Amino acid sequence: MKRHTSAALAELARLALTAGIAANPAARACSERLAGRSLAIETLEWRFVVHFAPGAVRVNTGTGPADATVRGSLAAVATTLAGTEETAAVLGDTALFEDFRNSFRPRWEVPGKFVFEDLGDIVRLGAKAAESALEGLANAVKNRRDP
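Residues numbered from 1 in each chain as written. Predicted model: local features only at pLDDT ≥ 70, side-chain atom pairs only at ≥ 80, totals over all residues. Heavy atoms only, no water.

On to the pairing of strand β1 (residues 38-42). Judged by how many residues are buried, β1 sits mostly within the fold: five of five residues are covered. Where β1 meets strand β2 (residues 47-53), five bridges bridge the pair, whose relative direction is antiparallel. When the sheet's bridge partners are listed, Glu 42 is paired in β2 with Arg 47. The loop that links β1 with its antiparallel partner β2 comprises four residues. The sheet contact formed by β1 and strand β4 (residues 68-71) spans four bridges and is parallel. Across the sheet, the residue bridging to Ile 41 is Val 70, located in β4. (Buried < 20%, exposed > 50% of the residue type's maximum accessible area, 1.4 Å probe, protein only. Helix = DSSP H or I, 4+ residues; strand = E, 2+ residues; numbered from the N terminus. Pairing = 2+ DSSP bridges.)

What follows is the structure, encoded as structure tokens:
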């Protein structure tokens, strides 16, 4: 089940990052700057690696090396990626991580030069909901296996 969860999360990350590249010029420019580089995102439960290409990303669940790694609990990784807290460890090329986080951070510009960052709150809420769902699923499977 762990492998299926990691693969599902990797696919979800790919879809979200691909949407970010399509909708956000800063994310698209970042994918071009980071082409040929990679960022691993790890918790105790799962790991996936984002491989950057000009205007695109590829995400896999491999164990290979990455240029930068964000490692911690699911909550620590989520808050570090969102930029609300720095509780996860960032290893390797920290400049790559900062470029990624700053460029892919959800932003919505509207006329009048106002910038709404409520989408960041939605992402954090979604991460918390995913964490809760995964914990519930893990507990259900564990309880099912226990006699």
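So, on to the nonpolar core. Grouped together as the largest cluster of nonpolar side chains are 26 residues, with contacts concentrated most on Leu 39, Phe 48, Val 50, Phe 52, Val 57, Phe 100 and Phe 104. Elements with a contribution of two residues or more to this core: α1 (2-23), α2 (25-33), β1, β2, β3 (56-60), β4, α3 (74-82) and α4 (94-104). It is α1 that provides the largest number of residues to this core, a total of five residues. (Core = buried A, V, L, I, M, F, W, Y, C linked by side-chain atoms within 4.5 Å.)

If you walk through the whole model with that rule in mind, you get three aromatic pairs. With a centroid separation of 5.0 Å and 35° between ring planes, the pair formed by Phe 100 and Phe 104 is classed as tilted. With Phe 100 and Phe 104 both in helix α4 and four residues apart, the pair spans about one turn of that helix. In this structure Phe 100 comes out as buried when scored by relative accessible area, which is 6%. A residue is classified by how much of its surface remains accessible, and Phe 104, at 15% relative accessible area, is buried. In this structure an aromatic cluster arises from ring pairing among Phe 52, Phe 100 and Phe 104. (Phe/Tyr/Trp six-rings, centres within 6.5 Å; stacked < 30°, edge-to-face > 60°.)

Here five strands make up an open sheet; going across it, the order is β3-β2-β1-β4-β5 and the pairing mixed. Both edges of this open sheet fall to β3 and β5 (89-92), since each of them pairs with a single strand only. Shown here is a sheet whose adjacent strand axes are inclined to one another by a mean of 20°, direction ignored. Where α4 meets the sheet, it contacts β1, β2, β4 and β5, and its direction lies at approximately 80° from that of β1. (Axes fitted to C-alpha atoms, helices over the stretch in contact; angles between N-to-C directions. Contact = heavy atoms within 4.5 Å.)

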